[in-house]
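# Reading the structure
Here are the chains, one letter per residue:
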Amino acid sequence: MDVISDRFEESLKTSKKHSTVTMSTGSLGNCGTCKKPINERAVVYSGSNYHSGCFLCAGCKKTLDGLTFFTKDSHHYCETCHTQLFAKTCHKCNDKIVGRTISFEDKDSSKYFHDECFTCNKCRKKLAGESFFPKDDGVYLCSDCGKL
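Scoring rules and cut-offs
- Residues numbered from 1 in each chain as written.
- Predicted model: local features only at pLDDT ≥ 70, side-chain atom pairs only at ≥ 80, totals over all residues.
- Heavy atoms only, no water.
- Helix = DSSP H or I, 4+ residues; strand = E, 2+ residues; numbered from the N terminus.
- Contact = heavy atoms within 4.5 Å.
- Pairing = 2+ DSSP bridges.
- Salt bridge = Lys/Arg side-chain N within 4 Å of Asp/Glu carboxyl O.
- Buried < 20%, exposed > 50% of the residue type's maximum accessible area, 1.4 Å probe, protein only.

## Examining the overall build of the protein
Helix and strand content of the protein: 2 helices and 12 strands. Relative to all contacts within the protein whose residues are 6 or more apart in sequence, the contacts with residues 24 or more apart total 34%.

## Remarks on the pairing of strand S5 (residues 42-45)
Looking at chain direction, S5 and strand S6 (residues 48-50) are connected through 3 bridges and run antiparallel. When the sheet's bridge partners are listed, Val43 is paired in S6 with Tyr50. Counting the residues between successive antiparallel strands, the hairpin from S5 to S6 contains 2 residues, one of them, Ser46, with a positive phi of roughly 50°.

## Here we look at the pattern of salt bridges
Considering all chains together, one arrives at 2 salt bridges under this definition. For Arg41, the salt bridge goes to Asp65, with nearest N and O atoms at 2.9 Å. Separated by 24 residues along the polypeptide, Arg41 in the loop between strand S4 (21-23) and S5 and Asp65 in the loop between S6 and strand S7 (68-72) bring together distant segments of the chain. Classification of Arg41 as partly exposed rests on a relative accessible area of 38%. By relative accessible area, which is 15% here, Asp65 ends up buried.

## Describing unusual backbone geometry
For Ser46, which is not a glycine, the phi torsion comes out positive at approximately 50°. Among the secondary structure elements, Ser46 is positioned in the loop between S5 and S6. With a relative accessible area of 61%, Ser46 lands in the exposed category. The phi angle at Ser74 is positive, at roughly 65°, despite the residue not being glycine. Among the structural elements, Ser74 can be located in the loop between S7 and strand S8 (75-78). Relative accessible area serves as the criterion here: at 68%, Ser74 is assigned to the exposed category.

## Here we look at the pairing of S7
Counting buried positions along S7 gives 4 out of 5 residues, so the element sits mostly inside the fold. In this structure, S7 lies alongside S8, joined through 4 bridges in antiparallel fashion. Along S8, the bridge assignment pairs Phe69 with Cys78. What sits between the antiparallel neighbours S7 and S8 is a turn of 2 residues, in which Asp73 has the positive phi angle 50°.

## Regarding the side chain of Lys111
Tracing the backbone shows Lys111 in strand S10 (residues 110-113). For Lys111, the residues in contact, after removing those within four places along its chain, are His91, Ile102, Ser103, Phe104, Asp106 and Tyr140.

## Description of the environment of Gly53
As for its placement among the helices and strands, Gly53 is situated in the loop between S6 and S7. The exposure class of Gly53 is exposed, given its relative accessible area of 54%. Each C-alpha atom, one on Gly53 and one on Thr63, is 5.8 Å from the other, the two residues being 10 residues apart in sequence.

This is the structure in structure tokens:
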């Protein structure tokens, strides 16, 4: 019988969530990406100014101007790309997990689940934080059903 504990997604801890600030006054110096002068409006991030068309998601290449974005390994990502690239995939439903993640070590690898997906295969009781019996075929049973 194994016991797991639920935790928040560890791989996303290394990412930082940000929002851009857009200014629109006179000359704003040179763009942090293309190095050309900015004369109309600028995206301001981490002490640098950028043209709206130069401050882009590293994944989809769309502008991040006015959007919430994430920085990971010095690259900026929109929320959609960040989730697709870095979020864990639920072992049961195969959807990306955003927020609370249930994880445990199986014999060969780590398994990740949405809280609502990590349930007893027989009675559907949630298994997060509970004792359970993992079976060889990917079936998980709560302590009550595993004793039967």
